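Given next are the chains, with one letter for each unit.
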Amino acid sequence: MRAADIADQLSTVLVTEEQIHAKLDEIAARVAADYAGKDLLLIGVLKGAVMVMADFSRALPETVPMDWMAVSSYGAATKSSGVVQIRKDLDTDLHGKHVLIVEDIIDSGLTLSWLLENFASRGAESIEVFALLRKPDAAKVHVDCKYIGFDIPNEFVVGYGLDYAEGYRNLRDVAVLAPHVYS
Ligand code: XMP
Ligand code: MG
């Protein structure tokens, strides 16, 4: 798709690539200090967290293992169903690990609260969450999230890993998808 066509499908850029990278550096410095001397494991939630995991993990000063979980609660729709399906499980035993879940976005919070319960039952030493984006007005359940990149309005966003029907993930900024695309 050409750049002009893509621009027509977005209404507002909410977070730019530069803002994302500055924020990732800031959070990486906090995480490095908070987890000094600890057995840290990053767990990314596929597929949305691919970009944030790639850039965040490389902003950390030390090498760190990462694992991936694929869950699905949306299908091709733009609202969470709350029904979480595991599509790919972890490869790592969580016993004794300090887990940091790396998420693209907390919307209703349903996916993450389900993941937190699931991981808690696997013997992790600690579990915290880093979400690049959060929609405070969309929360259906409260989720304790230690590291937050940006609070954004309750609109469907795409880019930087976030998709609509698998499109737009490779946009560098986070933008609001124009309603005419999905309505
Ligand atoms: P919940 O509602 O369970 O969201 O907190 C879980 C997952 O849904 C995806 N999600 C979005 N994807 N634009 C997207 O492209 C959005 O605005 C959006 N809101 C939620 C995302 O993968 C999140 O982890
Ligand atoms: Mg997703």
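Now for a look at the structure at hand. From a predicted model like this one, the values you see are computed outputs, not experimental measurements.

Quick notes on unusual backbone geometry
Next up, step 1: In this chain, Leu46 is followed by Lys47 through a cis amide linkage whose omega measures -5°.
Next up, step 2: Inspection of the secondary structure assignment puts Lys47 in the loop between β2 (40-46) and α3 (50-59).
Next up, step 3: Not every positive phi belongs to a glycine, and Tyr160 is a case in point at roughly 50°.
Next up, step 4: With respect to the helices and strands, Tyr160 occurs in the loop between β8 (157-158) and β9 (174-177).
Next up, step 5: Given 26 C-beta atoms within a 10 Å radius, Tyr160 is considered buried.
Next up, step 6: Positive phi outside glycine occurs at Tyr168, with the angle close to 75°.
Next up, step 7: Position of Tyr168 relative to the elements: it lies in the loop between β8 and β9.

Considerations on the pairing of strand β6 (residues 126-134)
Next up, step 1: β6 sits mainly inside the fold: 7 of its 9 residues count as buried.
Next up, step 2: Judged from the 8 bridges that link them, strand β5 (residues 98-106) and β6 form a sheet pairing that is parallel. If you follow Glu103 over to β6, its bridge partner there is Ala131.
Next up, step 3: Between the parallel elements β5 and β6, the chain passes through helix α4 (residues 110-120) in a crossover that is right-handed.
Next up, step 4: Pairing geometry for β6 and strand β7 (residues 147-151), over 4 bridges, is parallel. Among the inter-strand pairings, Ala131 is bridged to a residue of β7, identified as Ile148.

What to know about α3
Next up, step 1: For α3, the full list of buried residues reads Met51, Val52, Met53 and Phe56.
Next up, step 2: Buried residues in α3 make contact with α2 (17-34), β2, β3 (66-72), β5 and β6.

Here we look at the sheet that holds strand β1 (residues 10-15)
Hydrogen bonding along the main chain pairs the strands of a sheet, whether they run parallel or antiparallel.
Next up, step 1: Spatial strand order, β1-β9-β8: 3 strands in an open sheet with antiparallel pairing. In this open sheet, the two edge strands, each paired with only one partner strand, are β1 and β8.
Next up, step 2: The sheet contact formed by β1 and β9 spans 4 bridges and is antiparallel. Bridging across to β9, Val15 finds its partner in Val174.

Some points on the pairing of β2
Next up, step 1: β2 sits mainly inside the fold: 6 of its 7 residues count as buried.
Next up, step 2: As judged from the 5 bridges shared by β2 and β5, these two strands associate in the parallel manner. Each residue of the ladder has a partner; that of Leu40, found in β5, is His98.
Next up, step 3: Of the strand pairs in this sheet, β2 and β3 are connected by 5 bridges, and their pairing is parallel. Bridging from a neighbouring strand, Gly44 pairs with Trp68 of β3.

Some thoughts on the environment of Val181
Next up, step 1: Within the element layout of this structure, Val181 appears in helix α5 (residues 179-182).
Next up, step 2: The exposure class assigned to Val181 is partly exposed, which follows from the 17 C-beta atoms found within 10 Å.
Next up, step 3: Taking the C-alpha atoms as reference points, Val181 and Asp8, 173 residues apart in sequence, are found 9.4 Å from one another.
Next up, step 4: Apart from the residues within four sequence positions on either side, Val181 is in contact with Gln9 and Tyr164.

Observations concerning the sheet that holds β6
Next up, step 1: Judged by pairing direction, the sheet is mixed, and its 6 strands sit side by side in the order β4-β3-β2-β5-β6-β7 without closing on themselves. Every other strand in the sheet has two partners, leaving β4 (85-88) and β7 as the edge strands with one partner each. Going from strand to strand, the sheet's axes swing by 30° on average, the running direction of each strand aside.
Next up, step 2: Note that β3 and β4 share 3 bridges and pair antiparallel. Directly across from Ser72, in β4, lies its bridge partner Gln85.
Next up, step 3: The strands that α2 touches are β5, β6 and β7; relative to β7, the one it contacts most, it runs at about 160°.

Rules used in this analysis
Residues numbered from 1 in each chain as written. Chains lettered and ligands numbered in written order. Predicted model: local features only at pLDDT ≥ 70, side-chain atom pairs only at ≥ 80, totals over all residues. Helix = DSSP H or I, 4+ residues; strand = E, 2+ residues; numbered from the N terminus. Buried ≥ 20, exposed ≤ 12 C-beta atoms within 10 Å, placed from the backbone. Pairing = 2+ DSSP bridges. Right-handed = clockwise from strand over helix to strand, strands pointing away. Contact = placed C-beta atoms within 7 Å. Axes fitted to C-alpha atoms, helices over the stretch in contact; angles between N-to-C directions.

The values are spatial; any link to function lies outside them.
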